Amino acid sequence: MDPALAELAADLPAHALLTDPDQIEGYRRDAAADPLAGRPRAVVRATCTADVQSVMRWATRHRVAVVPRGAGSGLSGGASAVDGCVVLSTERMRAIRIDPATRVAVVQPGALNAEVKQAAAEHSLWYPPDPASVDISSIGGNAATNAGGLCCVKYGVTTDYVLGMQVVLADGTAVTLGGPRLKDVAGLSLTKLFVGSEGILGVITEVTLRLIPAQASPSTVVAMFDTVQDAANAVVAITASVRPAMLELMDHASINAVEDYGRMGLDRSAQALLLVQSDAPGDAASEVAHIVEACEKSGASEVFATDDPAEGAGFTAARRLVAPALMQLGTVLLEDVTVPIPTLPALLAGINRISAECDVLICVVAHAGDGNTHPVVVFDPDDAESQARAERAFSEVMDLAIAMGGTITGEHGVGRLKRDWLPKQLGDDVMWVTRRVKDALDPLGILNPGAVLRP
């Protein structure tokens, strides 16, 4: 071990510092599988805020880049390593404390989203943010990317539930922001600044989350369509009058990928599927009737409604399998573009056009109720021409979303894979402000360099 790393090891618990190349390899990439990921100098598996402070103080002294990492489930390359960095993993920071009186959870960043939900459920409480990766994504990563998920259409995204946090800054200073208060407007909204900051401003070491009472079992509607456009029109019709608890869309390729992967009993002949749920207190039947009518009037070939929780859970489980199922088709470039709901049909039509013009398969799954789509570009990595066409399609989809008044990311973050499109969306003035904030909090540029902003 070189002297600098020996100095760092002396400030950390035993076995917290990893330098073995075989162990380090598993920390180079997140789920985006960035082919340009660098090779870390070391990995630190922190156990507490003090460990994170030690790493950042050491990194400041030695001017070494630090890449924060949660569970590694990110899909935008936000946790891709850079050459010579230290990857700072929070996977061992898993404590969860529920305070039922104030309805908050105080959570270390390595705790999984599903673990927080389970801990809350033991007190008849619920933590709503519900990414498809709920079983494998960490709360720290969810906060760093402002993750959303299946319930966002009604219940919002991570920032809507973060009341406070502890953050370690680039120089090792630990600051506490916000707290277990539902209303607090004292000072600048710094808590919200760090939500979605993707590790470029500081390292989150504790999060205080708002919980709500557990919801009733939802009613479920599943509708099949002969075209994706009909399904998109149904989404516009549904959301014009009600806000369902869930409104998901799967296209033909996604349906069949799930069936190949998990044999979930979906209709392989359908060109599109809508999965809709209502948990409206005392009014679910009325909402369901509206949803069914909207689907039928939009041309649904089949509509199925059920109040059976097991049946509803089965369809939801099928929806959660889309990402791993599509990854079996080849190498994927996973988009995260979002547009205003009335323009959703036009976006899907544009994606279909791009798929044809670029001669690539683009599978679409969407949190359709809030306009958040995941076009997944599939290609053969051993075919240079196929890869070039896929990269062109990836770019054109983001350009299309921006042109329609949308965004390049609704919940996955910018990471490294989308950073070149961020200026196109935000403009020079906002990029200048963003850079000023980054430089003020990280003057040496050691925190997650290359994520969100070019170094």
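- The name given to the protein chain in an unreviewed UniProt entry is Glycolate oxidase FAD-linked subunit, with Mycolicibacterium smegmatis as the source organism.
- The UniProt entry for the protein chain carries the following comment under Cofactor (unreviewed entry): "FAD".

**Considering the pattern of salt bridges**
Logical step 1: Overall, the coordinates contain 20 salt bridges when judged by the stated rule.
Logical step 2: Asp-130 is the partner of Arg-320 in a salt bridge, and the nearest nitrogen-oxygen pair spans 2.5 Å. Of the two residues, Arg-320 is situated in helix α11 (residues 309–320) and Asp-130 in the loop between β7 (125–126) and α5 (139–145); the sequence distance between them amounts to 190 residues.
Logical step 3: For Asp-399, the salt bridge identified is with Lys-424, shortest N-O distance 3.4 Å. Of the two residues, Asp-399 sits in helix α14 (residues 384–403) while Lys-424 sits in helix α15 (residues 422–426), which places them 25 residues apart along the sequence.

**So, the environment of His-374**
Logical step 1: Counting through the fold element by element, His-374 comes out in strand β18 (residues 372–379).
Logical step 2: Excluding residues within four positions of it along the chain, His-374 makes contact with Arg-319, Leu-334, Glu-335, Asp-336, Cys-363, Val-364, Val-365, Ala-366, His-367, Glu-411 and His-412.
Logical step 3: Polar side-chain contacts of His-374 include one of 3.2 Å to the backbone oxygen of Glu-335.

**What about α11?**
Logical step 1: Here α11 spans 16 Å end to end across 12 residues, near enough to the 16 Å set by a 1.5 Å rise per residue.
Logical step 2: Those residues of α11 not exposed but buried are Gly-312, Thr-316, Ala-318 and Arg-319. One side of α11 holds all its buried residues, which, seen down the axis, span an arc of 155°.
Logical step 3: Taking the backbone nitrogen of Ala-310 as reference, a side-chain oxygen 2.8 Å away marks Asp-308 as the first, capping residue of α11.

**Let's talk about the sheet that holds strand β4 (residues 86–89)**
Logical step 1: Taken in spatial order, the four strands of this open sheet run β1-β2-β4-β3, and their pairing is mixed. Both outer strands of the open sheet, β1 (17–18) and β3 (66–69), are each paired with one neighbouring strand and no more.
Logical step 2: The strands touched by helix α3 (residues 49–62) are β2 (42–45), β3 and β4; relative to β4, the strand with the most contacts, the crossing angle is about 165°.

**Side note on the packing of aromatic side chains**
Logical step 1: Under the criterion given, the structure shown has four aromatic pairs.
Logical step 2: Arranged with centres 6.2 Å apart and planes meeting at 50°, the rings of Phe-304 and Phe-315 form a pair that is tilted. One end of the pair, Phe-304, is in strand β15 (residues 302–306); the other, Phe-315, is in helix α11, with 11 residues separating them in the sequence.
Logical step 3: Here Phe-304 falls in the partly exposed class, since its relative accessible area comes to 32%.
Logical step 4: For Phe-315, a relative accessible area of 21% gives the class partly exposed.
Logical step 5: Relative to Trp-421, the ring of Phe-394 lies with its centre 5.7 Å away and its plane at 80°, an arrangement referred to as edge-to-face. Residue Phe-394 is located in helix α14, and its partner Trp-421 is located in the loop between α14 and α15; the two are separated by 27 residues in the primary sequence.
Logical step 6: Here Phe-394 falls in the buried class, since its relative accessible area comes to 7%.

Parameters at a glance
- Residues numbered from 1 in each chain as written.
- Predicted model: local features only at pLDDT ≥ 70, side-chain atom pairs only at ≥ 80, totals over all residues.
- Heavy atoms only, no water.
- UniProt positions renumbered as here; feature names shortened; annotations may be inferred.
- Salt bridge = Lys/Arg side-chain N within 4 Å of Asp/Glu carboxyl O.
- Helix = DSSP H or I, 4+ residues; strand = E, 2+ residues; numbered from the N terminus.
- Contact = heavy atoms within 4.5 Å.
- Polar contact = N/O pair within 3.5 Å; in protein donor to acceptor, adjacent residues only side chain to side chain.
- Expected span 1.5 Å × (residues − 1).
- Buried < 20%, exposed > 50% of the residue type's maximum accessible area, 1.4 Å probe, protein only.
- Arc of directions from axis to C-beta.
- Pairing = 2+ DSSP bridges.
- Axes fitted to C-alpha atoms, helices over the stretch in contact; angles between N-to-C directions.
- Phe/Tyr/Trp six-rings, centres within 6.5 Å; stacked < 30°, edge-to-face > 60°.

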